[in-house]
There are 2 protein chains.
Amino acid sequence: MAPVKNGRHLFNEIPVGYPIPGKTTVYDDSQTIDLDTVQLNGGILIKALAFSIDPYMRGMMRPATVKSYVPAYTIGKPLGNSGVGVVLRSENSSFKPGDHVYAYFPFQEYIVQTDVANVRVLENKENLPWSTYVGAAGMPGQTAYIGWKVFSKAKKGETVFVTTGAGPVGSIVAQLAKHDGLKVIASAGSDEKVEFMKKIGVDVAFNYKTTDTVKVLEEHGPIDIYWDNVGGATLEAALDAASNFARFIECGMISQYNETSPYGVKNLWNIITKRLSVNGFLVLDHMAPESTKDFYDTVPAMIAKGDIVFLEDKKYGLEKVGEAILDVQSGKNHGKSVIVVAEE
Amino acid sequence: MAPVKNGRHLFNEIPVGYPIPGKTTVYDDSQTIDLDTVQLNGGILIKALAFSIDPYMRGMMRPATVKSYVPAYTIGKPLGNSGVGVVLRSENSSFKPGDHVYAYFPFQEYIVQTDVANVRVLENKENLPWSTYVGAAGMPGQTAYIGWKVFSKAKKGETVFVTTGAGPVGSIVAQLAKHDGLKVIASAGSDEKVEFMKKIGVDVAFNYKTTDTVKVLEEHGPIDIYWDNVGGATLEAALDAASNFARFIECGMISQYNETSPYGVKNLWNIITKRLSVNGFLVLDHMAPESTKDFYDTVPAMIAKGDIVFLEDKKYGLEKVGEAILDVQSGKNHGKSVIVVAEE
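Residues numbered from 1 in each chain as written. Chains lettered and ligands numbered in written order. Predicted model: local features only at pLDDT ≥ 70, side-chain atom pairs only at ≥ 80, totals over all residues. Heavy atoms only, no water.

- If you look chain A up in an unreviewed UniProt entry, it shows as NAD(P)-binding protein from Pleurotus eryngii.

1. Digging into the sheet that holds strand 13 (residues 223-228) of chain B
So, step 1. In space, the 12 strands of this open sheet follow the order 12(A)-11(A)-10(A)-13(A)-14(A)-15(A)-15(B)-14(B)-13(B)-10(B)-11(B)-12(B), with mixed pairing throughout. With one partner strand each, in any of the chains shown, strand 12 (204-207) of chain A together with strand 12 (204-207) of chain B form the two edges of the open sheet. Across this sheet, the average inter-strand angle for adjacent strands is 10°, counted without regard to direction.
So, step 2. Relative to strand 14 (residues 242-250) of chain B, strand 13 of chain B runs parallel, the two being bridged by five bridges. Each residue of the ladder has a partner; that of Asp228 of chain B, found in strand 14 of chain B, is Glu250 of chain B.
So, step 3. Packed on one face of the sheet, helix 1 (residues 139-151) of chain A meets strand 10 (159-162), strand 13 (223-228), strand 14 (242-250) and strand 15 (277-280) of chain A and runs near 145° to strand 13 of chain A.
So, step 4. The strands that helix 2 (residues 170-179) of chain A touches are strand 10, strand 11 (183-188) and strand 13 of chain A; relative to strand 10 of chain A, the one it contacts most, it runs at about 170°. (Pairing = 2+ DSSP bridges. Helix = DSSP H or I, 4+ residues; strand = E, 2+ residues; numbered from the N terminus. Axes fitted to C-alpha atoms, helices over the stretch in contact; angles between N-to-C directions. Contact = heavy atoms within 4.5 Å.)

2. Here we look at helix 5 (residues 232-241) of chain B
So, step 1. Along helix 5 of chain B, eight of the 10 residues are buried, which leaves the element largely enclosed by surrounding structure.
So, step 2. If you check which residues of helix 5 of chain B are buried, you get Gly232, Thr234, Leu235, Glu236, Ala237, Ala238, Leu239 and Ala241 of chain B. (Buried < 20%, exposed > 50% of the residue type's maximum accessible area, 1.4 Å probe, protein only.)

3. Things to note about the side chain of Thr24 of chain B
All names here are of chain B.
So, step 1. Secondary-structure assignment places Thr24 in the loop between strand 2 (8-11) and strand 3 (25-28).
So, step 2. Among the polar contacts listed, one links the side chain of Thr24 to the backbone nitrogen of Ile20, at a separation of 2.7 Å.
So, step 3. What Thr24 contacts, discounting residues up to four positions off in sequence, is Leu10, Phe11, Asn12, Glu13, Pro15, Pro19 and Met61. (Polar contact = N/O pair within 3.5 Å; in protein donor to acceptor, adjacent residues only side chain to side chain.)

4. Focus: the relation of the copies chain B and chain A
So, step 1. When chain B is fitted to chain A, the best match, at an RMSD of 0.0 Å, comes from turning it 180° and sliding it 0.0 Å along the axis. When the rotation and shift are considered jointly, the pair of chain copies conforms to a two-fold rotation axis. Proximity to the rotation axis, assessed at the C-alpha, singles out Gly264 of chain B in chain B; its C-alpha lies 1.9 Å from the axis. (Least-squares fit on C-alpha atoms with pLDDT ≥ 70 in both.)

5. Focus: the UniProt feature "domain: Enoyl reductase (ER)" (unreviewed entry) in chain A
So, step 1. The UniProt record marks residues 25-339 of chain A with the feature "domain: Enoyl reductase (ER)" (unreviewed entry), using the residue numbering of this structure.
So, step 2. Measuring from the first to the last C-alpha atom of residues 25-339 of chain A gives 15 Å, for a span that is 27% helix and 26% strand. (UniProt positions renumbered as here; feature names shortened; annotations may be inferred.)

6. Notes on the domain arrangement of chain A
Residues and elements named next belong to chain A.
So, step 1. As far as domains go, chain A holds domain 1 (4-135 + 311-340) and domain 2 (139-284).
So, step 2. Measuring from the centre of the C-alpha atoms in domain 1 to the corresponding centre in domain 2 gives 29 Å.
So, step 3. In this complex, domain 1 contributes 23 residues to the contact, which on the side of domain 2 involves 15 residues.
So, step 4. With both chains or domains summed, domain 1 and domain 2 bury close to 1,500 Å², and 62% of this area falls on carbon and sulfur atoms. (Domains from an automatic or database assignment. Buried area = accessible area lost by both parts, 1.4 Å probe.)

7. What to know about the packing of aromatic side chains
So, step 1. Taken as a whole and judged by the stated rule, the model has 20 aromatic pairs over all chains.
So, step 2. Judged by centre distance (5.8 Å) and plane angle (65°), the ring pair of Tyr145 of chain A and Phe295 of chain A falls under edge-to-face. Taken together, the residues span a long stretch of sequence, with Tyr145 of chain A in helix 1 and Phe295 of chain A in helix 8 (residues 289-305) at a distance of 150 residues.
So, step 3. Residue Tyr145 of chain A is classed as buried on the basis of its relative accessible area, which comes to 10%.
So, step 4. The exposure class assigned to Phe295 of chain A is buried, which follows from its relative accessible area of 0%.
So, step 5. Between Phe161 of chain B and Phe206 of chain B, the aromatic rings sit 6.1 Å apart at their centres with planes inclined by 20°, giving stacked as the arrangement. On the criterion of sequence distance, the pair formed by Phe161 of chain B in strand 10 (residues 159-162) and Phe206 of chain B in strand 12 is long-range, its members being 45 residues apart. Like Phe161 of chain B, the residue Phe206 of chain B is buried in the burial classification.
So, step 6. Through a chain of ring-to-ring contacts, the aromatic side chains of Phe161, Phe206, Tyr226 and Phe248 of chain A assemble into a single cluster. (Phe/Tyr/Trp six-rings, centres within 6.5 Å; stacked < 30°, edge-to-face > 60°.)

8. Details of the environment of Gly7 of chain A
Residues and elements named next belong to chain A.
So, step 1. Structurally, Gly7 is set in the loop between strand 1 (4-5) and strand 2 (8-11).
So, step 2. Look at Gly7 and you get buried, because its relative accessible area is 0%.
So, step 3. Apart from residues no more than four positions distant in its own chain, Gly7 is found in contact with Tyr27, Asp28, Asp29, Phe107, Gln108, Glu109 and Leu318.

9. Focus: the interface of chain B and chain A
So, step 1. With 28 residues of chain B in contact, the opposing surface of chain A contributes 28 residues.
So, step 2. Both faces considered, chain B and chain A share a buried interface measuring about 2,300 Å² in area, 67% of it formed by carbon and sulfur atoms.
So, step 3. Interface area lost by chain B to chain A is led by Trp269, Ile272 and Arg275 of chain B, which between them contribute 23%.
So, step 4. On the surface where chain B and chain A come into contact, there are two salt bridges.
So, step 5. On inspection of chain B and its partner chain A, the count reaches eight residue pairs in polar contact (both at pLDDT 80 or more).
So, step 6. Elements represented by at least two residues in the side of chain B that touches chain A include exactly strand 14, helix 7 (269-273) and strand 15 (277-280) of chain B.
So, step 7. For the side of chain B that touches chain A, the residue count by class is 17 nonpolar, seven polar and four charged.
So, step 8. Note: strand 15 of chain A against strand 15 of chain B, three bridges, orientation antiparallel. Bridge pairing in strand 15 of chain B links Ser277 of chain A to Asn279 of chain B. (Salt bridge = Lys/Arg side-chain N within 4 Å of Asp/Glu carboxyl O. Nonpolar A, V, L, I, M, F, W, Y, C, P; charged D, E, K, R; others polar.)

So this is what it looks like as structure tokens:
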């Protein structure tokens, strides 16, 4: 067969503030690949189906000299993130053509993967759409599920405040909290998102752009658990509204990622007087098979039963990656941002 | 016997910024007490020997309407804090004249204590000076010992940064850390205190007023444990210097207590990227007999053996309370601040 186009989405330059589509990242279709003859060197050839677009990708758009918990993207090379694809050819006995696989992949249409140590074959007994496996049944879902299990110490009747409560992580945290019998306060940045939060059972859903977070927490708090996806002034409000011995799960600070002068939190004194436990958390530390087995045994089934519902914001084609990234950074996405690269 | 003077030190007005001796608090000698005939109502009559002066007392100098973890002092009534006294008379079979007792007491020369639930009889098998029991063998020592045991998760070979490392809590933390085989970095506010820290085994002792904390931590870090007694910019430096999975023990923020505009900490993002565990801690939560038994079994013996050494800053007479409080708030004390009310 003749070589086919292998479109990619590349990191082009380090952004200051928000990443700009076509400038920070660019789509490139200059490469081709011969699917029949490309050398696999003992690995597998994958056709990409869906990629996840996540807030933390902003942190990878930095000089390689700046250390962080994730590697930096390399200028001129493809971006990357978790994705689902289908195996076209395999030289490894653990994979066969037609298998659906999940891993961190470069953003390109076809991928030759020689290091398969972290490539998971998805069983999908529930027959969920494959994009689900980069969202509610993928890293965002794992973030919510494992973070909640490990750090919340939730007790029935307690109150939790979840930020980005309509987002791919926050909406699942809210549903897990309701499942555990908690009162859920949750915030998001549009009235449409507020409606969605009400639909999934959030007790006090509000639009932080039009309603004062401090007042909501004064009226409906104090809070026993704070799930932080935003940081900054909202974290400050949560510290003031915390009850004694509250648990803060620090999962993200999206209000700060694109700030050139970050917000100074002035009331950390509450950590002592209220004996708070503030825990930073990265799902990357909890990806070992024994940590994720429980997740894959539980969450896809909950989704299939309708116990966990979620929204997806799908964009079609690798050309749309830059736009999707900016939407996620500025909160314009409605639900889990997914790039659909190909349908089967 | 004729009534004798019963001197007291009273809370006089709520301070703005630093408490001012003679204004925020005042000494009063208008009251008398008849030691032979004063009604005990089933309680005990105590002659005060020594009172502790601690940083957290500043937090009790507030309007009663402002909630906190400790009650507010009442204007016109005596201040109070932990102290040691000797029993003169007793109507309770658990106490006999001559017993030495430890509890939270009002700042007066003689105290009639009817609620004896929290009054501990001190055995003092080691024959330590009684003032030790408001310092290294009292609440500051318990703060260090219990906080270290519960929250440090210290492992041999790790590095800890201890603030106020010459103080009554910090100096004991530093010695416990050395005892556990850690490298200890510690800061204090004078060269004299730096000398003391070196004497007790601190590996990297520095004067934060003349040496840049950020640079010290860059050179001698990263740190696996941070014992925070100061907050503010020092906490910010510790966040930047933390290693992954570091533990922050938030015990005090004395840099912030007298600030009318508190410092905004801008790098909390480190909590997530480094997966930090930040725990607020009050020794008051750990005062149950089962929590303190280990402490009283261990620490007085370590002091007697010389495994824990400490400094005391003694002032004589209840008149000196205001001055002692200001010294502690401004860091002028050299060692544990104690008011000696009477020698036996």
